[in-house]
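# Coordinate analysis (summary)
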Amino acid sequence: TEQRKHPLEDYFKVPFVIVHPETGKGENLNRTMSKEFWLEIVQHLLQITNYQVIVCGISEKSAELFKFFLSNLNEGQERIVYAVQKLSLDEFFLLSKYAKAAFTLDSLAAHMCSINCDTVSFYKNCIGTLFFPISNQKVTVIHNLITSKDAMIHLNIRNCYVSDIESKETIEIIDQFIK
């Protein structure tokens, strides 16, 4: 049988990061970040790296966020790639294998990416003790759950408690992760 070409295979040869800003179609708005926060992350990535930014997701909210990026970025729009609603789970997993890093919410995407690439995952307003990814790669979990502040985790995972995820403190943690 003939194997189908990956929809984003052309990007496998250039350095890129994944931005997956959602938890899925049944999205809990209490766990999501503002579009301004995601814009700040993308702007920052475009400024401090030469990477493409591939925006993934399955909901219309991610599609709207991509449009928001394009209309609010002063430069770098040509380095942002639209992949919302374009990838199956196995295609997304393969994409993460070629990524330099991924930026996700706590979701299936966080767990999948942490197997294949360095990952920053935002855990906002979770209940109970956090269920951190089981990672093969370097993972930074940024969260605001005081009960998981000192949780001992897998050696590859950096546990970063912040009182406000959408803060300069988070951007500083991302800078440390990128370096």
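Structure shown above.
What comes next concerns the included structure. All residue numbers refer to positions counted from 1 along the written sequence of the respective chain. Local features in this predicted model are restricted to residues whose pLDDT is 70 or higher, and side-chain atom pairs enter the listing and the counts only when it is 80 or higher, whereas totals over whole chains, interfaces and linings include all residues. Working from all heavy atoms in the structure, the side-chain values ignore hydrogens and water.

## Considerations on the overall build of the chain
Along the chain, the regular secondary structure elements total 5 helices and 7 strands. Runs of E in the DSSP output that reach at least two residues are strands. Runs of H or I that reach at least four are helices, and both are numbered from the N terminus. Starting at the N terminus and walking to the C terminus, you meet the elements of the chain as β-α-β-α-β-α-β-α-β-β-β-α. The size measure is the radius of gyration over C-alpha atoms, and the globule rule it meets is 2.2 Å times the number of residues to the 0.38 power. Taking 179 residues into account, the globule formula puts the C-alpha radius of gyration at 16 Å, and the chain, at 15 Å, falls close to it. Here the C-alpha coordinates of the chain stretch approximately 50 × 40 × 35 Å along the principal axes. Buried positions account for 52% of the 179 residues belonging to the chain. Where accessible areas are quoted, they stem from the Shrake-Rupley method and a 1.4 Å probe; at the residue level, only the protein chains shown are allowed to cover. Accessible surface, the chain: about 9,300 Å² in total, of which carbon and sulfur atoms supply 50%. To sort residues, take the accessible area from a 1.4 Å probe on protein chains only and compare it with the maximum for the residue type: under 20% means buried, over 50% means exposed, and anything in between is partly exposed.

## Regarding the nonpolar core
Within soluble globular proteins, side chains that are nonpolar generally end up buried alongside one another. What makes a nonpolar core is a set of buried Ala, Val, Leu, Ile, Met, Phe, Trp, Tyr and Cys residues whose side-chain atoms join them at distances within 4.5 Å. W38, V42, F69, I80, F103, F122 and I142 are the most contacted members of the largest nonpolar core, which totals 33 residues. The set of elements that each furnish at least two residues to this core consists of β1 (16-20), α1 (35-48), β2 (52-55), α2 (60-72), β4 (101-105), β5 (118-123) and α5 (168-178). At 7 residues, the largest contribution of residues to this core is made by α1. Contact definition: two residues touch when any of their heavy atoms are within 4.5 Å. Not counting residues up to four positions away in its chain, the partners in contact with I142 are V120, S121, F122, Y123, C160, V162, I165, T170, I173 and I174.

## Remarks on the pairing of β5
The two faces of the sheet receive side chains in turn, since in a regular strand these alternate between them. The buried fraction of β5 is high, at 5 of 6 residues. Seen with its strands pointing away from the viewer, a crossover is right-handed when the path leading from the first strand over the helix to the second is clockwise. Assessed by its sense of winding, the connection that carries the chain from β4 through helix α4 (residues 108-116) to β5 is right-handed.

## Some thoughts on the packing of aromatic side chains
Any two of the Phe, Tyr and Trp rings considered here, Trp counted by its six-membered ring, make a pair once their centres fall within 6.5 Å; the pair's planes then place it as stacked at under 30 degrees, edge-to-face at over 60, or tilted in between. The full count for this structure, using the stated rule, is 6 aromatic pairs. With centroids separated by 5.4 Å and ring planes inclined at 80 degrees, the aromatic side chains of F37 and F122 adopt a geometry described as edge-to-face. In this pair, F37 is assigned in helix α1 and F122 in strand β5, connecting sequence segments 85 residues apart. Here F37 and F122 have matching classes, each one buried. Site record: aromatic cluster; members linked through ring pairs are F37, W38 and F122. Over the face of the ring belonging to F177 we find K138, whose NZ or CZ atom lies 4.8 Å from the ring centre. Here, a charge over a ring means that NZ of Lys or CZ of Arg falls within 6 Å of the ring centre while also lying within 35 degrees of the ring normal.

## Re the packing of helix α3 (residues 89-98) against α4
Working convention: axes come from line fits to C-alpha atoms, limited for helices to the stretch in contact. Angles between N-to-C directions cover 0 to 180 degrees. In the contact formed by α3 and α4, the axes pass within 8 Å of each other and the chain directions differ by 40 degrees. Judged on the interaxial angle alone, α4 and α3 are oblique. In this structure, α3 crosses over α4, and the sense of that crossing is right-handed. Between α3 and α4, the residues in contact are L89, F92, F93, S96 and K97 and L108, A109, M112, C113, I115 and N116, respectively. Classification convention: Asp, Glu, Lys, Arg as charged; Ala, Val, Leu, Ile, Met, Phe, Trp, Tyr, Cys, Pro as nonpolar; all other residues, Gly among them, as polar. Residues of the contact of α3 with α4, tallied by class, amount to 8 nonpolar, 2 polar and 1 charged. Put simply, angles under 35 degrees are roughly parallel, angles over 145 are roughly antiparallel, angles from 65 to 115 are roughly perpendicular, and the rest are oblique. Helix crossings get a hand from a simple test, with the near helix turned counterclockwise from the far one by less than a right angle marking a left-handed crossing and a clockwise turn marking a right-handed one.

## Re the sheet that holds strand β7 (residues 157-161)
By this definition, two strands are paired if DSSP reports at least two bridges between them. With parallel pairing, 7 strands are arranged side by side in an open sheet as β3-β2-β1-β4-β5-β6-β7. A single partner strand is all that each edge strand has here, and the edge strands are β3 (80-82) and β7. On average, each strand axis in the sheet is tilted by 15 degrees relative to the strand beside it, whichever way the strands run. In the sheet, β5 pairs with strand β6 (residues 139-143) via 5 bridges, with the strands oriented parallel. Bridged to T119 within β6 is V139.

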